[in-house]
Amino acid sequence: MKCAFINLGKHFGGAEYYLHIIIKKWIGDGNEAIVIAKHKSAFAKFIGETIPNLYIEEVDFSLYDILRIRKIFRRNTINIVNINGINSGIFINFVAANIPKITTVHSNADLDRAEKSFLMRKLFVLIENYCLRKSQRVIAVSDAIKQLLIFRGIREDLIT
């Protein structure tokens, strides 16, 4: 089975460390992986250094990259996509709308953007909700995140 793991975050933190563990386990169980990471990110560098022979594609959020990754997905039969982060969810929905998706929600989209305007924070929440509804499964990293997602209208039966 082949999974595309996507994380377009700028920083390296708990979500990226978690994803590193999941990818190592996935490959260790005999599966194949493609990683899509933000161009020149700490995550791309770390994952490339710690997991030998891993297929990594670095992207910026551009039309060129969307079309390039679409071609890669067509050439490589991707069975499932693991999404980490709102930007990743947006990007992958442009690339592969029909491939099954599992999205991990690591934090509160509204609080993560506390420095942004009220309107911008609410826009990110709406975008995240849209992307979550396109997923076949949502992984909440805590009960508090699960309850927040239910409050925002994500179906409880989708959330693990």
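The structure we're discussing is the one just above.
Residues numbered from 1 in each chain as written. Predicted model: local features only at pLDDT ≥ 70, side-chain atom pairs only at ≥ 80, totals over all residues. Heavy atoms only, no water.

Draft legend 1. How the structure looks around helix H1 (residues 14-28). Its 15 residues place the ends of H1 21 Å apart at the C-alpha level, agreeing with the 21 Å of an ideal helix rising 1.5 Å per residue. For H1, the set of buried residues is Ala15, Glu16, Leu19, His20, Ile23 and Trp26. Take H1 and look down its axis: the buried residues cluster within an arc of 140°, on one side only. The exposed residues of H1 that point more than 90 degrees off its buried face are Gly14, Lys25 and Gly28. Among the structural elements, strand E1 (2-7), strand E2 (32-38), helix H2 (42-50) and strand E4 (80-84) are those in contact with the buried residues of H1. Once H1 ends, the next one or two residues include Gly30, with phi positive near 90°. (Helix = DSSP H or I, 4+ residues; strand = E, 2+ residues; numbered from the N terminus. Expected span 1.5 Å × (residues − 1). Buried < 20%, exposed > 50% of the residue type's maximum accessible area, 1.4 Å probe, protein only. Arc of directions from axis to C-beta. Contact = heavy atoms within 4.5 Å.)

Draft legend 2. Structural view of the packing of helix H3 (residues 63-75) against helix H4 (residues 86-95). Between H3 and H4, whose axes approach to 9 Å, the crossing angle comes to 60°. When the interaxial angle is binned, H3 and H4 end up oblique. Every pair of crossing elements has a handedness; the one defined by H3 and H4 is right-handed. Here Asp65, Ile66, Ile69, Arg70 and Phe73 of H3 lie close against H4, whose contacting residues are Phe91, Ile92, Phe94 and Val95. Each residue belonging to the contact of H3 with H4 can be placed in one class, and the counts come to seven nonpolar, no polar and two charged. (Axes fitted to C-alpha atoms, helices over the stretch in contact; angles between N-to-C directions. Parallel < 35°, antiparallel > 145°, perpendicular 65-115°, else oblique. Left-handed = near helix turned anticlockwise from the far one by under 90°. Nonpolar A, V, L, I, M, F, W, Y, C, P; charged D, E, K, R; others polar.)

Draft legend 3. Representation of the sheet that holds strand E6 (residues 137-140) within the structure. Spatially, the six strands line up as an open sheet ordered E3-E2-E1-E4-E5-E6, and their pairing is parallel. Looking at the sheet topology across the chains shown, the edges are occupied by strand E3 (55-59) and E6. Strand-to-strand twist in this sheet, taken as the mean axis angle between neighbours without regard to direction, amounts to 20°. For E1 and E4, the ladder comprises five bridges, and the chain directions are parallel. The partner of Phe5 across the bridge, within E4, is Asn82. Its contacts with the sheet put H3 on E1, E2, E3 and E4, and the angle it makes with E3 is roughly 160°. (Pairing = 2+ DSSP bridges.)

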